[in-house]
Amino acid sequence: MIELEGLTKYYGDTLAVDHLTFTVRPGMVTGFLGPNGAGKSTTMRMMLDLDHPTEGTVRIDGKHYRQLNDPLTYIGALLDAKAVHGGRSAVNHLLCLAQSNGIPRERVGEVLDTVGLTSVADKRSKGFSLGMSQRLGIAAALLGDPKILLFDEPVNGLDPEGIHWIRNLMKNLAAQGRTVFVSSHLMSEMALTAEHLVVIGQGRLMADMSMAEFIQQNSRSYVRMRSPEPERLLDVLHVEGIEAVAVGNGSLEIDGVPADELGGLAARHQLVLHELSPQRASLEEAFMRLTAESVEYHAHDGEPVAAYAGTQEPAPSGWGADWQKKGS
Ligand SMILES: Nc1ncnc2c1ncn2[C@@H]1O[C@H](COP(=O)(O)OP(=O)(O)OP(=O)(O)O)[C@@H](O)[C@H]1O
């Protein structure tokens, strides 16, 4: 497993990661979520000793990364798919990694096959599309057959077939008892892949819980009812002391009463129902709700905004003119 304790990183005056303490456990896919600039990549880089913490520690199976012999056999990672020597062929890139980590060369062919790059194994990686580079990065992560895998935005650039493939790959790796830690901005994808979530905002831990718990705690669940006799339905609910909100189309929304209870009540009063549906928010809604306050950059509808909110500074160049930093 991966254990973080009080992990903190300052870049100059910028606090990128703020006393993060959590454990990533084996046997499941753990999703790592946070708005842009929340500190996800910085945290993953520190897990791999690519960045040094200002404070705190990361342990990989109880050891510091530097103490691992042949680290690729403990932990494999895809961080930046384009961070490869473009002049090298896919096979040579993997052979170099294999040699420096005591991994037999036959393994290179195996992982190229796993990620579907065998036919372009001898091509230079600088000609690879983003999707092909992602696959090569995943091959590198799998090379040492590690127990722990980190993937930063692994579905970037992949087509629907590729996304489906990586989803199954991650689930299979977790089912084999491995620790799989993955960041993604694609909430619908994360909802299908991860069982557990770690959510950060402005470098701080905001949630560390199961997917189901996260959605339940950070969203509203209610039941929608629709009847051709909305007035009578409202009366019946009123008599039972159940509050309902009319939302148009003759639909009512009811909080805090299970759908089967409401169905039973309608049946007892011989009320015809055209709809009786429990509504549960999506991961995306739950995420937006939890992180609304910690989002660093907001897009604005309508007129472009030229300056930071709450400061007199001009908006940073490189950002679209309609991006605005939230005053904190
Ligand atoms: N090398 C660096 N030098 C200075 N500041 C940095 C550096 N790397 C990251 N930061 C800052 O640290 C904060 C966290 O950045 P990080 O890239 O870790 O966030 P992230 O959650 O991965 O964001 P995204 O979802 O946009 O990739 C940001 O404010 C960022 O500007």
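Our structure is the block above this text.
Reading guide: rules and limits
Residues numbered from 1 in each chain as written. Predicted model: local features only at pLDDT ≥ 70, side-chain atom pairs only at ≥ 80, totals over all residues. Helix = DSSP H or I, 4+ residues; strand = E, 2+ residues; numbered from the N terminus. Contact = placed C-beta atoms within 7 Å. Near = placed C-beta within 6 Å. Nonpolar A, V, L, I, M, F, W, Y, C, P; charged D, E, K, R; others polar. Pairing = 2+ DSSP bridges. Axes fitted to C-alpha atoms, helices over the stretch in contact; angles between N-to-C directions. Buried ≥ 20, exposed ≤ 12 C-beta atoms within 10 Å, placed from the backbone. Core = buried A, V, L, I, M, F, W, Y, C linked by C-beta atoms within 7 Å. Arc of directions from axis to C-beta.

(A) Geometry of the overall build of the protein chain. Helix and strand counts for the protein chain stand at ten helices and 15 strands. Put simply, 68% of the contacts in the protein chain that link residues at least 6 apart link residues at least 24 apart.

(B) Focus on the site of the ligand. Near the ligand you find Tyr11, Thr14, Ala16, Gly34, Asn36, Gly37, Ala38, Gly39, Lys40, Ser41 and Thr42, and these make up its full shell. The dominant element in the shell around the ligand, judged by the number of residues it contributes, is helix α1 (residues 40–47), at three residues. For the shell around the ligand, the residue count by class is three nonpolar, seven polar and one charged.

(C) Main features of the sheet that holds strand β9 (residues 204–210). Taking strand neighbours across the sheet as the criterion, the six strands line up as β5-β6-β7-β3-β8-β9 in an open arrangement whose pairing is mixed. On the outer flanks of this sheet lie β5 (75–78) and β9, each paired with one strand and no other. Sheet twist, expressed as the mean angle between neighbouring strand axes with direction ignored, is 15°.

(D) Looking closely at the environment of valine 115. Tracing the sequence through the fold places valine 115 in helix α3 (residues 106–115). Valine 115 sits in the buried class, given 22 other C-beta atoms within 10 Å. For the pair valine 115 and arginine 135, spaced 20 residues apart in sequence, the C-alpha to C-alpha distance is 5.7 Å. Beyond its immediate stretch of four places on either side in the chain, valine 115 contacts Arg135, Ile138 and Ala139.

(E) Examining the nonpolar core more closely. Counting residues in hydrophobic clusters, the biggest one holds 67 residues, and the most contacted among them are Leu94, Ala139 and Leu143. Among the elements that make up this core, the one with the highest residue count is helix α4 (residues 130–142) (seven residues). In this structure leucine 94 touches Val108, Val111, Leu112, Ala139, Ala140 and Leu143, once residues within four positions along its chain are discounted. Formed by nine residues, the second largest nonpolar core is a distinct cluster that contains Val223, Leu237, Leu252 and Leu262.

(F) Spatial organisation of helix α10 (residues 283–291). Every buried residue of α10 is listed here: Leu283, Ala286, Phe287 and Thr291. With its buried residues spanning 110° around the axis, α10 presents them on a single face. Tucked inside the fold, the buried residues of α10 contact β3 (28–33), α6 (187–193), β8 (196–201), β9 and α7 (211–217).

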